[in-house]
Every structure is written in structure tokens, then in C-alpha cells.
Amino acid sequence: MYDVIIVGGGNAALCAALSARQYCERVLVLERAPEDEAGGNSRFTAGLMRVVYNGVEDLRKIIDLSEDEVARTDFGAYTTEQFLDDMARVTEYRCDPDLTELLVKESFPAVLWMRSKGVRFTAAWGRQAFNIGGRFKFWGGLTVEAVGGGPGLVESLTRIARKEGIDIWYGARAVSLLAQDDGIHGVVVKRAGNTQQVSSKAVVLAAGGFQANTEWRTRYLGPGWELAKVRGTRFNTGDAIRMALDAGAAAVGNWSGCHAVAWERNAPEFGDLAVGDQFQKHSYPWGIYLNAEGKRFVDEGADFRNYTYAKYGRVILSQPGQFAWQIFDAKVKGQLRDEYRIRQVTKVTANTLEELVGKLDDVDAKNALEEIKRYNAAVRQDIPYNPNVKDGRRTEGLAVPKSNWANTIDTPPFEAYAVTCGITFTFGGLKINNHAQVINSDGEAIKGLYAAGELVGGIFWFNYPGGSGLTNGSVFGRVAGENAGKSASAA
Ligand SMILES: Cc1cc2nc3c(=O)[nH]c(=O)nc-3n(C[C@H](O)[C@H](O)[C@H](O)COP(=O)(O)OP(=O)(O)OC[C@H]3O[C@@H](n4cnc5c(N)ncnc54)[C@H](O)[C@@H]3O)c2cc1C
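Notes on the structure in this doc start here. Along each chain, the written sequence defines residue order, and numbers are assigned to residues from 1. Selection of residues for local features in this predicted model requires a pLDDT of at least 70, selection of side-chain atom pairs for listing and counting requires 80 or more, and totals for whole chains, interfaces and linings are taken over all residues. Hydrogens are left out, water is left out, and the side-chain values use all remaining heavy atoms of the structure.

So, the overall build of the protein
Thought 1: Within the protein one finds 15 helices and 22 strands.
Thought 2: Here the C-alpha atoms of the protein give a radius of gyration of 23 Å, agreeing with the 23 Å that 2.2 N^0.38 yields for 491 residues.
Thought 3: Its C-alpha atoms give the protein principal-axis dimensions of about 70 × 50 × 40 Å.
Thought 4: Burial here depends on accessible area, computed with a 1.4 Å probe over protein chains only, as a share of the maximum for the residue type. Under 20% is buried, over 50% is exposed, and the range in between is partly exposed. In the protein, buried positions account for 62% of the 491 residues.
Thought 5: Every residue pair with non-hydrogen atoms within 4.5 Å of one another is taken to be in contact. Counting contacts in the protein only where the partners sit at least 6 residues apart, residues at least 24 apart contribute 74% of the total.
Thought 6: Here the protein displays about 18300 Å² of accessible surface, and carbon together with sulfur accounts for 48% of that area.
Thought 7: We count Lys and Arg on the positive side and Asp and Glu on the negative side, and we leave His and both chain ends out. A single reference atom marks each charge: NZ on Lys, CZ on Arg, CG on Asp, CD on Glu. With 56 positive and 58 negative side-chain charges, the protein shows a separation of 2 Å between the mean positions of the two kinds. Each helix is a run of H or I in the DSSP string that is no shorter than four residues. Each strand is a run of E no shorter than two, and both are numbered from the N terminus. Here the globule rule is a power law, 2.2 Å times the number of residues to the power 0.38, and the radius of gyration is based on C-alpha atoms. What sets the accessible areas is the Shrake-Rupley method with a 1.4 Å probe; for residues, cover comes only from the shown protein chains.

Next comes the structure, spelled out in C-alpha cells:
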């Protein structure tokens, strides 16, 4: 008999396990993946976390910063109000107000708590700051990164969990809940071909969304979603959502919505841990997109990447042939993110625009050339370009505008990268309250059942502010673990 069983092996699950362990003795983590593939989507990440901080002094509580680093960096601040505003704006005011407030207000305390457990953090110099005139400036509210990225985060959480005497079973797939009228009493698990019942006083579900389930994806997100590539783990097939629904839980949130991005066109069907998140192609704000018809189809500069990348995957999926090309010229080449320099890219280069459009596979070259010229002619070159702010350097008079960072595509050599849609995680899921208790379809908490992370619905809708997924798992994992641990020790 365990006090608390945690279903899942990613960031939300491991935070829940560490948190539960503070309040009870016997904690078991069930991870469906074998050990070499364990860690869920969390392991595929860069480890970026969206966290409220009111200035560099807050950051110094979680990151070891030298005087020199502080002197040459403008960290700015990311306030509670800014995070709340970002959540409201990108979710079109649908995010659950109570859960969102908890997510935002507990973001810094959660990371501080992880730090106190031994997880190490750094500043995301490489991805979220540009060096202008010898000084780095952070932008877009995303400054904190786990040391070692997602793999480093999962490794350190796992190490700490083991040190604290938490049992971890790998290759252990939760199949159903042991549910009775008075609540949840454990989990049915399939492990090494054997199905067994494991009893516990409380259960925390943290087994991710249903993005790796082709049939559910097509059923809930809609026709065409079976054609998307899965960016992360192949193990998040919605098992825990189904288990909870079977036990009477309420479904909530944006069930037809998901986080999906521009992803290497020829990437494998599921994520590859050796490549991690590097199949993504997120420098489109500095260039333009063209589809098979040779047409631009989206405002590449509508906002900072952090606020558009998660909804543009869906836009790419809806293009003819489910692909697009990103086009850059030599002026912005130095600004392309590290993921453009991996070996596994579908890339063409050319010295003239005529040559370039002829090399874009499956694209109408004549239309493409005309479109680039039309775009170039529409750029407001009188407005200075500045990648650190929304510079308002825009196009004028195009059916599909570019609102910021509109640079002309005129300086060779030119580069183009082919992308398709990569799905990250689904937005619909289980309903929880502020104690992370799972709510049933009559609006009551199911005794002994808690949930955290990707499988919780109601928080993200349509879009998502970059770096909120890990924070979401840490905040609610910590809350779920605490309440499950306390209820178990009181039982
Ligand atoms: C390529 C990529 C890059 C990303 N980058 C970032 C980033 O930099 N910052 C950020 O905040 N977010 C990022 N995200 C999103 C982020 O990964 C997720 O939001 C977050 O990790 C979800 O954590 P989780 O613990 O809920 O789920 P996961 O980490 O996916 O964990 C779910 C776990 O459940 C296990 N599981 C599934 N079914 C069962 C079952 N039946 N029984 C037992 N176990 C089961 C899985 O094996 C897995 O271990 C990225 C995602 C991807 C794919």
C-alpha cells in the first residue's frame, strides 16, 4: 500500500512526487516509458520556464549570476500583471481565472522551491536575449531556463526523487483507476506483461495530453490532424484523461485546440530525443512564409515569437500539402536560432531570387517570385529595424500584412527552410480546482484524485505564452503533491 501514486514521469509528475514526499512516506511514480525514453515531453524541452520576477534581485535567488553577467545584461522584469495579461490576451480571455491566477502567482515560488530541492537554473541568453551594442536585453518574459534543458531538468528531478526514497517504476502503464463510491483507492498497472492492482490513499494524474493518439487527435482536433507530426513523446496518448473520465471526471477546456508549431517537414512521426526541440523553426519573424501556391499566408511579425509560434502550426497544417517554406536573406542570417544549424534540415540556398524560387520543392515558382517582389515593395524602409522591440517596421497595402520586423528579401545568399506542423500538446483535459483535485461532472471533487500538467483543461486556449508548460507542471504538480500527501497522511 502506497500513500500516493503518481501516474506519469515528466516534470509535473516528478514535482508532484517530491511535493507529496514532504507530507507522507510512501510515494510511487508510474512511468509508462522505459527508462531510456522516460521523462515525457518535459525531456524534449529546452527547459525554458515563464516565471514572474520583479528584477534581477529575484533572479539571483534562483540563478547564480556573476557581477559581470549582471553588468552586461538588461534582465528587465516580468511582473504578475504582465503574465496575467499575456495569459488573458493569448487565450482570448478564456483561461480559467482561478487556475491562471494560481499559475502566475505561484510561478516564482515553485521555481524557488525546485531550486531548494537541488534543481539548477540559468538565464536563457542564447534564445531570449539579443546582444545590442555590447549589452544583452531579455524580451518576451522568458528568462529562466533549467540547466541542461529538458534532459537536465528530468535527470535532476529523478535523482532528487530517488534520494528522497521515492519508488519509480519504468515501463509501468497505468490502465485504470481503482474507483469506488467513496473515492479512488489506487491504480491498475500493466508492467512487463503483467496487470496488477496497486493500492494507495491518493492518486495524482500527470500523464500528459492526447497528442500522440492519432485517433483522438483526428476525433477531437478535427480532420487533418492525423497528418501532423508529434514533437515530443510517443507515450502521451490520453490514457490518464480516459481513466479519469471513466471514473466520472468532467472534461473541460479547448478540446479542439492544441499547441502546434513550425517543424521540420521531413522530421520523424514522433520526437527524437537526440534532436530534442531542434526540429522547430522559430525565426520566421525575421523572414517570410510562402506556401505551395507561392503565397504568404500569415503575419510573421504579428508579435514576438513567444506569442505566435504555438498557434502558427495549425495555420501551416491548413495550407495546401500541409507545408510551407521560410525565406530569409543574408541580412538576418546571423540572427537565426541555433535550430537552423542542425544537420537534419530541409534547406535550400541560392544567389538570386529566381534561382531560390526554382529550388523550393512543390511550390509555384512564378507566383513565389512575384509574391517576394510584392512584399519587398511594400516594406516601410523608413522605419528602423530593431529585433528587441516590436519595431512597427511593417508592410503597407498587402492583403496579408507583416506588422513588425519587415525586412526586404534582397541580399544574397538567400536561404529557405521547409516546415510542416508539429503538435506539442493538446489543450482540453480534466477539470481541477485550486487544490488540484479532479472535479466530477456533478461539480464535486473526486476524493483521492488529483491532476497536474498537460492533461488539465481550461488553462490554455487557442494559443499559449512560450515557457508556460513547464511552469504549469511545476506549479500544479507541487499543489497536487502537497494536497495528495496531506490527505494520505490524514487518512
Ligand atoms: C519539443 C518540445 C519543446 C518544448 N519546449 C518547452 C519549453 O522550453 N518550455 C516549456 O515550458 N514547455 C515546453 N514544451 C511543453 C512542455 O514539454 C509540456 O508542457 C510539459 O513538459 C508537460 O509536462 P507534463 O509533466 O504534464 O507532461 P510530460 O512531461 O509529457 O509527462 C507525461 C508523462 O506521462 C507518462 N505517461 C503517459 N501515459 C501513461 C500511463 N498510462 N501510465 C504511466 N505513465 C504515462 C509519459 O511517459 C510521460 O512521462 C515543449 C514540448 C515539446 C514537445
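Notes on the site of the ligand
Thought 1: Around the ligand, the structure places 40 residues, and the nearest of them are Glu31, Asn41, Ser42, Leu48 and Asn236.
Thought 2: Here an oxygen atom of the ligand sits 2.5 Å away from a polar atom, N or O, in the side chain of Ser42.
Thought 3: Under this definition, polar contacts are N or O atom pairs within 3.5 Å; protein pairs additionally need one hydrogen-donor-capable and one acceptor-capable atom, and for neighbouring residues in sequence, both atoms have to be side-chain atoms. A distance of 3.5 Å is found between a nitrogen atom of the ligand and a side-chain nitrogen or oxygen belonging to Tyr464.
Thought 4: Computed on the free molecule, the ligand has an accessible area of 1000 Å², of which 97% lies beneath the protein chains in the complex.
Thought 5: Elements represented by at least two residues in the shell around the ligand include exactly α1 (11-21), α2 (40-44), β10 (172-180), β19 (414-426) and α15 (468-490).
Thought 6: Tallying contributions element by element places α2 first for the shell around the ligand, with four residues.
Thought 7: Only Asp, Glu, Lys and Arg are considered charged in this grouping, and only Ala, Val, Leu, Ile, Met, Phe, Trp, Tyr, Cys and Pro are considered nonpolar; every other residue, Gly among them, is considered polar. Classifying every residue of the shell around the ligand by side-chain character gives 15 nonpolar, 18 polar and seven charged. One heavy atom within 4 Å of a molecule or strand is enough for the residue carrying it to be called near that molecule or strand.

Observations concerning the sheet that holds strand β6 (residues 129-132)
Thought 1: One bridge is not enough; two strands pair if DSSP finds at least two bridges between them. Pairing is mixed across the open sheet formed by three strands, whose spatial order is β4-β7-β6. Among the strands making up the open sheet, the edge pair consists of β4 (73-74) and β6.
Thought 2: In the sheet, β6 pairs with strand β7 (residues 135-138) via four bridges, with the strands oriented antiparallel. What sits directly across from Ile132, in β7, is Arg135.

Quick look at the nonpolar core
Thought 1: Residues belong to a common nonpolar core when they are buried Ala, Val, Leu, Ile, Met, Phe, Trp, Tyr or Cys residues joined through side-chain atoms within 4.5 Å. Formed by 138 residues in total, the largest nonpolar core has its most connected members in Leu30 and Leu205.
Thought 2: At eight residues, α1 tops the list of elements feeding residues into this core.
Thought 3: Excluding residues within four positions of it along the chain, Leu205 makes contact with Val7, Leu177, Ala240, Met243, Ala244, Leu430, Leu449, Tyr450, Ala451, Ala452 and Leu455.
Thought 4: Ala292, Val363, Ile372 and Val379 belong to the second-largest nonpolar core, a separate cluster that totals 23 residues.

Structural notes on α1
Thought 1: Within α1, ten of the eleven residues are buried, which leaves the element mostly enclosed by the surrounding structure.
Thought 2: Within the span of α1, buried status applies to Asn11, Ala12, Ala13, Leu14, Cys15, Ala16, Ala17, Leu18, Ser19 and Ala20.

Observations regarding the sheet that holds strand β8 (residues 144-146)
Thought 1: Spatially, β3-β8-β5 is the arrangement adopted by the three strands of the open sheet, whose pairing is antiparallel. Each end of this open sheet is capped by a strand with a single partner; those strands are β3 (48-49) and β5 (121-123).
Thought 2: The pairing of β5 with β8 spans three bridges and is classified as antiparallel. Bridging from a neighbouring strand, Ala123 pairs with Val144 of β8.

Re empty space enclosed by the protein
Thought 1: Using a grid of 1 Å spacing that covers the protein atoms alone, one calls a set of points a cavity when a 1.4 Å probe fits there but cannot get out, and a pocket when the set is open and has protein on both sides within 12 Å along at least five of seven lines; lining residues are those with an atom within 4 Å of a point. Grid points are joined across faces, edges and corners, and a volume is the space filled by probe spheres set on the points. Counted under the stated rule, the structure contains two cavities of 30 Å³ or more.
Thought 2: Lining the second largest cavity are Phe425, Thr426, Phe427, Gly453, Glu454, Val456, Ile459, Phe460 and Asn472.
Thought 3: Residues belonging to the lining of the second largest cavity are distributed by class as follows: five nonpolar, three polar and one charged.

A few points about the pairing of β10
The side chains of a regular strand alternate, first on one face of the sheet and then on the other.
Thought 1: As paired strands, β10 and strand β11 (residues 183-191) are joined by seven bridges and run antiparallel to one another. Within the sheet, the bridge partner assigned to Gln180 lies in β11 and is Gly183.

Here's the deal with the pairing of strand β2 (residues 27-30)
Thought 1: Side chains of β2 alternate between two faces, with Val27 and Val29 and Leu28 and Leu30 buried alike.
Thought 2: Note on handedness: a crossover is taken as right-handed if, strands pointing away from the viewer, the path from the first strand over the helix to the second is clockwise. As a crossover connection, the stretch from strand β1 (residues 2-7) through α1 into β2 is right-handed.
Thought 3: In this sheet, strand β9 (residues 167-169) lies alongside β2 in parallel orientation, the contact comprising three bridges. Residue Leu30 lies in a different strand from β9, and its bridge partner there is Trp169.

Concerning unusual backbone geometry
Thought 1: The amide bond that connects Pro412 to the next residue, Pro413, takes the cis arrangement and shows omega of 0°.
Thought 2: Its place among the elements puts Pro413 in the loop between α14 (365-378) and β19.
Thought 3: In this model, Gln322 sits at a positive phi of 55°, which is unusual for a non-glycine residue.
Thought 4: With respect to the helices and strands, Gln322 occurs in the loop between α12 (309-317) and β17 (324-328).
Thought 5: Relative accessible area serves as the criterion here: at 27%, Gln322 is assigned to the partly exposed category.
Thought 6: You will see that Trp405, though not glycine, has its phi angle at about 55°, which is positive.

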